[in-house]
Every structure is written in structure tokens, then in C-alpha cells.
Amino acid sequence: IFKIMSKFIQSVRHNLLNIPGWHTKRHIVVFESDDWGAIRMPSREVYEKLLSEGYRVDLNKYERNDSLATEKDLTELFNVLNKYTDINGNHPVITSNCALANPDFEKIKDSNFQQYFYEPFTETLKKYKGCENSFDLWKQGISEGLFKPQFHTREHLNVTLWMHYLQNDEDTKHVFKYGIMGLFPKGENVENNFQVALAESDHLIQPHSEIITEGLDLFEKIFNYKSETFIAPCYTWHPDIEKTLYENGVVGLQGMIYQHVPNNG
């Protein structure tokens, strides 16, 4: 009974929140998907290796299932979208919220884990089996009106926190060699707190406003247009960055009914 009441209350809250918003008599289905371009689990082989070493990646749905979309994945997705149209002949469109960069593992290692470097996700794709030509399919999907990238984050990573643990924690440094942005912590608690890119961190390596600006610049260079929307990783951002977003062309925020606010901007 408690679960039923909780779901009912949540449903009522959602509807009340939508009352002041935009209304239409049309029936609209919106397809949004986050984390495009972001690395998580490099391969099934790495997944099995981590399990054998005692890392409970099987307990986290993202570690179990999340990886870069291969050429085969994208081809099958676009084939499905091409099968359907609305009354005006328009195909469904995926709003793909993108992480524009990933850690450059080689450069970080060469610095003896003292400096952070990143690379555009388009370079990351070239290093993953089955993804070497994936970005050509991204561009095809965009040109065919099936795929519309928008801005999610520069990288889906709390850079300051990750670098601190790389310098001080053997488990974090160990999984680094597999091309993993940390499994934090090892054991039964499988929440990967490194993924909260704009969370509070002591002694920030780089202000969040600068990370946002660099990410949006990279977005425009890759896609040749500005992102109109932003969705914060793990729904965590400080209101101070909203001015930076607006100054760089963002006019709308995607998200849930809540916002996690860190103490720093």
C-alpha cells in the first residue's frame, strides 16, 4: 500500500508541476537519451576481468550495460527510426545529449597522473572496436533528421575528484589501465561518484564555468551549430553556471523535477 501511495503522490506532483507550463492539444512523444560519446565500460572482456578481480560491476546497471554505440548499434537504431513517420511524414528524432570529451589516458599516464588531459569523443571512437567509423553515422543521422545532438557535459567525469583518487588510491589507478574512469569505491557499494561531473570538490582543478564553456565550444566545433539545451550530469549543477550557459547560446534546461546543488560553482 505504501508503494502504491508513493507512486500516486509522485504522479500528482508531476502533473501539478506541469500545469503552469506549455500546453498543446497535439499528442507528442519526446525521445531523449543522455551520455552519447561518454565512455563507461570498454568491453565485455574488461567487464569480466573486473568481476574476476572483485569489482562488483554486476551490481550497477550502467557498468553492466553502458558503452559507446557501435556502427552496428547506430545502423539498427536509424533503421528503426526510418520505419515510422507522423502524419506529416516526419521520422522520430532522438535528442542525443552528448559528452564532448573523455580522458586522454595516455597523456595522463605520461604525466605520472599529475595532470589532466582530455580528447574529443570523436577521437575516442576511433580507438574502440566497432566504433571506428561511428561518427560518420552520427553525421548521417543528423543529415537525415533522425539524430539531434545537444549538450550534456564536456566529460561525464568529476575531474578533480578522479585525479585526486588516481594519485592516492590504488584501486582507481588499477582500473585506469583498462580505460575506466574509476569504480568508486570497490566492493558492495557500487555508486560511481566520479560520474557527477559538476559536483562539489575541494581545490577545483578548473572552475565549472570554464568546463562548461570549453564543452560548448567543442560542441560547436564538432557539430557546426550551437546547442540550445543543457542537461546536467546526474542532475547536479550550481545555478551560477546558468549565466555561462546562456552567454554561450543555451536557452533551455532539461532535467527531472529536482536539482542537486553543490556548494561551489
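Look up: the structure comes first, before these words.
This one's a predicted model, so the numbers in the text were calculated from it and none came from an experiment. (Residues numbered from 1 in each chain as written. Predicted model: local features only at pLDDT ≥ 70, side-chain atom pairs only at ≥ 80, totals over all residues. Heavy atoms only, no water.)

### Overview of the packing of aromatic side chains
To be explicit about the condition: Two rings from Phe, Tyr or Trp (for Trp, the six-membered ring) form a pair when their centres are within 6.5 Å of each other. A pair whose planes differ by under 30 degrees is stacked, one over 60 is edge-to-face, and the rest are tilted. Think of it as a cone above the ring: NZ of Lys or CZ of Arg counts as a charge over the ring if it is within 6 Å of the ring centre and within 35 degrees of the ring normal.
Taken as a whole and judged by the stated rule, the model has 21 aromatic pairs. Each residue in the set Trp-36, Phe-78, Phe-121, Phe-135, Trp-138, Phe-147, Phe-219, Phe-223 and Tyr-225 is aromatic and connected to the rest through ring pairs, giving one cluster. Across from the ring centre of Tyr-225, 4.2 Å away, lies the NZ or CZ of Lys-148, which sits over that ring.

### Focus on the nonpolar core
Applied cut-off: Residues belong to a common nonpolar core when they are buried Ala, Val, Leu, Ile, Met, Phe, Trp, Tyr or Cys residues joined through side-chain atoms within 4.5 Å. Buried means the residue's accessible area, taken with a 1.4 Å probe over protein chains only, is under 20% of the maximum for its type, while exposed means over 50%, and partly exposed covers the values in between. In DSSP terms, a helix is any run of H or I states spanning at least four residues, a strand is any run of E spanning at least two, and both are numbered starting from the N terminus. For this analysis, residues touch if any pair of their heavy atoms sits within 4.5 Å.
If you look at the biggest cluster of nonpolar residues, it comprises 48 residues, and the most contacted ones within it are Leu-100, Trp-138, Trp-162, Phe-223 and Phe-230. Ranked by residues supplied to this core, first place goes to helix α10 (residues 208-223) with six residues. For Trp-162, the residues in contact, after removing those within four places along its chain, are Pro-103, Phe-105, Ile-108, Tyr-116, Leu-157, Thr-172, Phe-176, Ile-180, Met-181, Gly-182 and Phe-194. The next biggest cluster of nonpolar side chains, apart from the first, holds 10 residues, and it includes Met-41, Tyr-47, Val-57 and Ile-180.

### Concerning the side chain of Asn-248
Put simply, the rule reads: Here a polar contact means two N or O atoms within 3.5 Å. Within protein one must be a hydrogen donor candidate and the other an acceptor candidate, and residues neighboring in sequence count only if both atoms are side-chain atoms.
Relative to the helices and strands, Asn-248 is located in the loop between α11 (241-247) and β7 (252-253). Within the local environment of Asn-248, its side chain forms a polar contact with the backbone oxygen of Thr-244, the two atoms lying 2.7 Å apart. Setting aside chain neighbours within four positions, we find Asn-248 in contact with Thr-213, Leu-216, Asp-217 and Lys-226.

### Some words on unusual backbone geometry
Non-glycine residue Asn-224 carries a positive phi angle of around 65°. Mapped onto the fold, Asn-224 is located in the loop between α10 and β6 (229-230). The backbone of Cys-234 sits at a positive phi, close to 60°, despite the residue not being glycine. Within the secondary structure layout, Cys-234 lies in the loop between β6 and α11.

### Details of the pairing of strand β5 (residues 147-153)
Across a regular strand the side chains alternate sides, sitting on one face of the sheet and then on the other. Where we set the bar: The criterion for strand pairing is that DSSP finds at least two bridges linking the strands in question.
Among the seven residues of β5, six are classified as buried, and the element is accordingly described as predominantly covered. Relative to β5, strand β2 (residues 94-99) runs parallel, the two being bridged by six bridges. Opposite Ile-94, over in β5, you have Phe-147 as the bridge partner.

### Digging into the pattern of salt bridges
Two side chains that carry opposite charge are able to pair once their charged atoms sit near each other. Counted only if it meets this: Salt bridge, as used here, is a side-chain nitrogen of Lys or Arg placed within 4 Å of a carboxyl oxygen of Asp or Glu.
Enumeration over the complete set of coordinates arrives at 10 salt bridges. Here Lys-49 ties to Glu-53 by a salt bridge, and the two come within 3.9 Å at their closest N and O atoms. Given a relative accessible area of 41%, Lys-49 falls into the partly exposed group. Residues Glu-155 and Arg-154 are paired through a salt bridge, measuring 2.6 Å at the closest nitrogen-oxygen approach. Residue Glu-155 shares its accessibility class with Arg-154, and that shared class is buried. Beyond isolated ion pairs, a larger network of salt bridges with shared partners links Arg-154, Glu-155 and Glu-214.

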